[in-house]
Amino acid sequence: MGEGVVLRFDGVGKRFRRRWALRDCALELPRGRIAALVGPNGAGKTTAFMLASGLMRPTSGRVDVLGVDPGRSGMAAGASFVAQDKPLYRALRVDEMLRAGAVLNARGRWDTPYVLRLVDEAGVGLGERVGELSPGQRARVALALALGRRPDLLLLDEPLAELDPLARKQVMATLLAEAAETGTTVLLSSHVIADLEDSCDYLVLLRDGRVRLCGEVEELLAAHRHLTGPADSAADPGAGHVVHRSTVGRQTTALIRDTEVPPGFRAVTPTLDDLVLGYLQQEPAPTSTGSAA
Amino acid sequence: MEFRIERRSGVPTYLQIVAQTKQALRLGALQPGDRLPTAKDVVSRTAVNPNTVLKAYRELEREGLVEPRPGLGTFVLRSLARPGSEVDAQLRTDLEQWMRRATAAGLEHEDIDALVADVRDRHFRRDGRDG
């Protein structure tokens, strides 16, 4: 599979009554990436998934997923979406749930043997009731169903929420292993950055309904420096390029972008944590490209 | 072989994979002709991004240590185990004696690491080589 953009938001806005959940959002997701969608609660992550999967239509702008406009023609055949509450029928047995998946996807490229293998690898018996599975097992059944469509793009809203650390790792490992084999592009949201470090190679950061950062994790990290230095230093850590700065006692730390390291400061490449927290604490939250209120 | 990724080490993940592979090549745990674990194998054990594993393998390939064979996997081309095993054995004996003296003198694990690293770094700097 070559490069190419599998998901594109172009000036996308979504308004609920008077509140803009998303505003002027531009983002591109290249094929083959494992992308993290991060941001605080209420930043617009779930709205972004709703728009990408065609469950909502944007108030303004254009959404393109695998060449189709999901708001008009429904979810792209090559896309798969698991909503935050992992909507499985709790009263069904696992085999009945899988049959439902097969029937609902009869016109697509549903792959029953593949789904059975994933469920088996999750240690889930076909006769078990969905409602009696552990949260980790339920997450893996939901993931198996989503992968059963053999998607080119997998959209996962908070797939790791409410899972214990072991289950989080297992779900992420399954997801990445399947992506490694199939080349599926993944967009997943989470607000636990530790789960994403090392796993995701692309980052989309939302705050207050706007895209603050979008790009390859490696490039974003390389473009920033995490500074530590004396609080009373006359040197100004790169005015205009400071994302966030805080002073505790005699020490100042700052996240800066694309700028020289001032004398007296120690600079290291930020971790993903540093980067995300820096942008989430940025003040005042800048208003992006010329949108009239 | 299995990779152990330390998330908080500050060392980029792909370099950890490169270093651990080289370590296995040095110790003979990996030998010419052996196949490295597939990206999928590594990912399913570590939850590391598959592109990171591939980047590490490309680096090992660039250094001439491994070779990808399309459809088959990535294979070890050469070992890093050094032939002079008698010299190595003598050095190891010397080092073990030194280590006994160091522990007898009350040095802790970290003290020894710091001392060894310092001497090693000074030595290589003086020789004008890089480590």
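These figures come from a predicted structure and were not determined experimentally.

**A look at helix α1 (residues 13-27) of chain B**
All names here are of chain B.
Step number 1: For α1, with 15 residues, the first-to-last C-alpha span of 21 Å sits near the 21 Å given by 1.5 Å per residue.
Step number 2: All of the buried residues along α1 are Thr13, Gln16, Ile17, Val18, Thr21, Lys22, Ala24 and Leu25.
Step number 3: Check the buried side of α1 and you find it contacts α3 (50-62) and β2 (73-76).

**Some points on a negative patch on the surface**
Step number 1: On the surface, Glu108(B), Glu110(B), Asp111(B) and Asp113(B) cluster together into a negatively charged patch.
Step number 2: Position of Asp113(B) relative to the elements: it lies in helix α5 (residues 109-126).

**Focus: the layout of surface pockets**
Step number 1: Counted as a void, the largest pocket has a volume near 1300 Å³.
Step number 2: As for the largest pocket, its lining consists of 45 residues, and the residues nearest its centre are Cys200(A), Asp201(A), Val217(A), Glu218(A) and Thr52(B).
Step number 3: Those elements giving two or more residues to the lining of the largest pocket turn out to be α6 (165-182) and α7 (217-222) of chain A together with α1, α2 (39-46) and α3 of chain B.
Step number 4: It is α3(B) that provides the largest number of residues to the lining of the largest pocket, a total of 6 residues.
Step number 5: For the lining of the largest pocket, a count of residues per class yields 17 nonpolar, 13 polar and 15 charged.

**Side note on the sheet that holds strand β6 (residues 153-156) of chain A**
Residues and elements named next belong to chain A.
Step number 1: Read across the open sheet, the 6 strands follow the order β5-β6-β7-β3-β8-β9; overall the sheet is mixed. Since the sheet does not close on itself, it has two edges, and those belong to β5 (79-82) and β9 (210-216), each with one partner. Put simply, the sheet's adjacent strands are angled 15° from each other on average, direction ignored.
Step number 2: Here β6 pairs with strand β7 (residues 185-189) via 4 bridges, running parallel. Within the sheet, the bridge partner assigned to Leu155 lies in β7 and is Leu187.
Step number 3: The strands touched by α6 are β3 (34-38), β6 and β7; relative to β7, the strand with the most contacts, the crossing angle is about 160°.

**A few points about the domain arrangement of chain A**
All names here are of chain A.
Step number 1: We note that the domain assignment places domain 1 (5-217) and domain 2 (224-280) within chain A.
Step number 2: Taken over C-alpha atoms, the centre of domain 1 sits 34 Å from the centre of domain 2.
Step number 3: With 13 residues of domain 1 at the interface, the matching set in domain 2 holds 8 residues.
Step number 4: Area buried by domain 1 at its contact with domain 2 is led by Ile193, Glu197 and Leu213, which between them contribute 48% of it.
Step number 5: Within the residue set of the side of domain 1 that touches domain 2, elements represented by two or more residues are β8 (202-207) and β9.

**Looking at the domain arrangement of chain B**
Step number 1: Annotation of chain B at the domain level lists domain 1 (13-76) and domain 2 (85-126).
Step number 2: On a C-alpha basis, the centroid separation for the pair domain 1 of chain B and domain 2 of chain B is 30 Å.

**Looking at the packing of helix α5 (residues 135-148) of chain A against α6(A)**
Axes are the key here: two packed helices are described by the angle between their axes and the distance separating the axes.
Residues and elements named next belong to chain A.
Step number 1: At their nearest, the axes of α5 and α6 sit 9 Å apart, and the two run at 15° to each other. One element, α5, and the other, α6, form an angle in the roughly parallel class. The element α5 and its partner α6 pack so that their crossing is right-handed. Residue-level inspection shows Gly136, Ala139, Arg140, Leu143 and Leu147 of α5 in contact with α6, the latter providing Ala167, Gln170, Val171, Thr174, Leu175 and Glu178.
Step number 2: Classifying every residue of the contact of α5 with α6 gives 6 nonpolar, 3 polar and 2 charged.

**Structural notes on the environment of Leu29(A)**
Step number 1: Assignment of secondary structure puts Leu29(A) in strand β2 (residues 19-30).
Step number 2: Expressed as a C-alpha distance, the spacing of Leu29(A) and Asp10(A), which sit 19 residues apart in the sequence, is 12 Å.

The rules behind each value
- Residues numbered from 1 in each chain as written.
- Chains lettered and ligands numbered in written order.
- Predicted model: local features only at pLDDT ≥ 70, side-chain atom pairs only at ≥ 80, totals over all residues.
- Heavy atoms only, no water.
- Helix = DSSP H or I, 4+ residues; strand = E, 2+ residues; numbered from the N terminus.
- Expected span 1.5 Å × (residues − 1).
- Buried < 20%, exposed > 50% of the residue type's maximum accessible area, 1.4 Å probe, protein only.
- Contact = heavy atoms within 4.5 Å.
- Patch = residues over 30% accessible without salt bridge, like charges linked within 9 Å, V, L, I, M, F, W, Y side chains within 5 Å.
- Areas by Shrake-Rupley, 256 points an atom, 1.4 Å probe, with all protein chains shown as cover.
- Salt bridge = Lys/Arg side-chain N within 4 Å of Asp/Glu carboxyl O.
- Lys, Arg positive; Asp, Glu negative; His and termini not counted.
- Charge placed at Lys NZ, Arg CZ, Asp CG, Glu CD.
- 1 Å grid on protein atoms, 1.4 Å probe; cavity = no way out; pocket = protein on both sides within 12 Å on 5 of 7 lines; lining within 4 Å.
- Points joined across faces, edges and corners; volume = space filled by probe spheres on them.
- Nonpolar A, V, L, I, M, F, W, Y, C, P; charged D, E, K, R; others polar.
- Pairing = 2+ DSSP bridges.
- Axes fitted to C-alpha atoms, helices over the stretch in contact; angles between N-to-C directions.
- Domains from an automatic or database assignment.
- Buried area = accessible area lost by both parts, 1.4 Å probe.
- Parallel < 35°, antiparallel > 145°, perpendicular 65-115°, else oblique.
- Left-handed = near helix turned anticlockwise from the far one by under 90°.

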